[in-house]
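Letter by letter, the chains look like this.
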Amino acid sequence: MRTLLASVLVVGLSAAGAGAADETYTIKLYQGKKGDTSATEKSEGTKVTVFVDTADTNEKDDATTDSRESYTEEILEKKAGDSRATKLLRKYTVAEKTVRGEKARAVYAGKAVLIEEKGGAYQFSIDGKALDERDAPELYKSFKKNNRPNSRDFMPQNAVKVGENWKVPAAESAKMFKTLGDDKMKVDAEKSTIEGTLLKAYKRNGAQFGVIELTVTVIVTEVELDGQSFKTTAGSKVVLKGTLDTCIDGTVEFEDAKGETIIDITAELPDSGSITLQSTITNAAKVGALKK
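Basis of the calculations
Counting from 1, residues in each chain are numbered in the order their sequence is written. Where local features are concerned, this predicted model is filtered to residues with pLDDT of at least 70; where side-chain atom pairs are given and counted, the filter is 80 or more; whole-chain, interface and lining totals use all residues. Water and hydrogen atoms were dropped before computing side-chain values, which therefore reflect all heavy atoms in the structure. Paired strands, as defined in this entry, are two strands with at least two bridges between them according to DSSP. Helix and strand definitions here come from DSSP, where helices need a minimum of 4 consecutive H or I residues and strands a minimum of 2 consecutive E residues; each element is numbered from the N-terminal end. Points on a 1 Å grid over protein atoms alone make up a cavity when a 1.4 Å probe fits among them but cannot get out, and a pocket when they form an open set with protein on both sides within 12 Å along at least five of seven lines; lining residues each have an atom within 4 Å of a point. Grid points are joined across faces, edges and corners, and a volume is the space filled by probe spheres set on the points. Ten residues, namely Ala, Val, Leu, Ile, Met, Phe, Trp, Tyr, Cys and Pro, are considered nonpolar, four, namely Asp, Glu, Lys and Arg, are considered charged, and the remaining ones, Gly among them, are considered polar. Whenever Lys or Arg places a side-chain nitrogen within 4 Å of a carboxyl oxygen from Asp or Glu, that contact is recorded as a salt bridge. Burial here depends on accessible area, computed with a 1.4 Å probe over protein chains only, as a share of the maximum for the residue type. Under 20% is buried, over 50% is exposed, and the range in between is partly exposed.

### Focus: the pairing of strand 6 (residues 112-118)
- Inspection of the sheet shows strand 4 (residues 87-99) paired to strand 6 by five bridges, in the antiparallel sense. Bridge assignment links leucine 88 to a residue of strand 6, and that residue is isoleucine 115.
- In this sheet, strand 7 (residues 121-126) lies alongside strand 6 in antiparallel orientation, the contact comprising five bridges. Bridge pairing in strand 7 links lysine 118 to alanine 121.

Structure, rendered in structure tokens:
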């Protein structure tokens with residue numbers, strides 16, 4: 001679930017677990033290292049509805065967006081203890097987005113992209129030629145350092161049983177919500193929550209695997225529209241729910257994540273009236289190590 005928030009998440013696996021009822025599991029996710037190669041398949045579908053209700057206007061606008069990515073990745077350089085590589089190579093077979101029925105391929109579709117951290121920011125190139133941000137906005141966004149927390153940040157600090165719930169401590173979750181938001185949205189970090197449950201534990205080829213459910217509830221207090229900030233009404237929030245099927249003893253690179261995000265935000269306009277944003281985002285990502 002690398003991209004999470006981003007990237008995070010759906011609902012729907014049985015809470016039945018394998019193993020003894022009193023057995024506990026210390027969840028440790030795989031950390032990539034230099035030389036690792038993997039294959040990733042990602043998809044995302046978004047439906048957005050905007051309602052504008054004022055004395056002069058009562059309008060509704062719907063839009064849909066779908067995107068798909070498929071690539072292999074090789075870690076060329078990575079510092080010990082860091083969650084992200086400083087140099088890697090991605091070979092994209094698919095990179096496309098469909099907006100309102102119009103499909104467009106990314107400029108790096110079918111090409112190898114060298115990704116390097118330089119001067120505190122990531123840079124991208126194809127065959128030695130720099131890839132500009134305006135030509136690859138989604139790629140640049142996904143590698144911004146403050147983009148999203150790592151999957152490991154959502155895991156419990158102590159060992160848990162199958163069916164057991166945990167909450168990310170308030171002090172830690174507050175830091176995450178600052179990175180989950182952006183300049184166009186302010187959140188109430190104290191009222192927002194991150195919760196997890198170990199739904200299932202099972203063995204695969206000698207390694208310990210598990211299915212984890214995550215629920216992230218973000219209370220939104222302000223949004224920016226056309227350069228102006230507006231306070232939101234009570235109940236405005238973003239809720240992310242999803243599952244992650246992965247190796248939980250840290251020995252195998254494998255992730256199968258599915259999720260759904262529900263956005264329901266209403267902002268009060270200064271001259272009476274309101275604007276409401278309702279959105280449903282479904283996403284899936286599967287990552288598996290390639291044989292060397």
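### Some words on the pairing of strand 7
- What sits between the antiparallel neighbours strand 6 and strand 7 is a turn of two residues, in which glycine 119 has the positive phi angle 60 degrees.
- For strand 7 and strand 8 (residues 129-130), the ladder comprises two bridges, and the chain directions are antiparallel. When the sheet's bridge partners are listed, isoleucine 126 is paired in strand 8 with lysine 129.
- Counted along the chain from strand 7 to the antiparallel partner strand 8, the turn is two residues long, and its residue aspartate 127 has a positive phi close to 55 degrees.

### Topic: the layout of surface pockets
- A volume near 210 Å³ is recorded for the second largest pocket.
- Sorting the residues of the lining of the second largest pocket by element identifies strand 10 (165-167) and helix 2 (170-180) as the ones contributing at least two each.
- For the lining of the second largest pocket, the element with the highest residue contribution is strand 10, accounting for three residues.
- Of the residues contributing to the lining of the second largest pocket, the split by class is eight nonpolar, three polar and four charged.

### Points about the pattern of salt bridges
- In total, this model carries eleven salt bridges according to the counting rule given.
- Put simply, lysine 42 and glutamate 69 hold a salt bridge, and the shortest N to O gap is 3.8 Å. Remark: glutamate 69 occurs in strand 3 (residues 58-77) and lysine 42 occurs in strand 2 (residues 37-53); sequence separation between them is 27 residues.
- According to the relative accessible area criterion, lysine 42 is partly exposed, its value standing at 21%.
- The shortest N-O distance in the salt bridge between lysine 231 and glutamate 222 comes to 3.7 Å.
- Overall, lysine 231 belongs to the exposed group, its relative accessible area being 55%.
- For glutamate 222, a relative accessible area of 18% corresponds to the buried category.
- If you follow the salt bridges from partner to partner, you end up with Arg68, Glu96 and Lys103 in one network.

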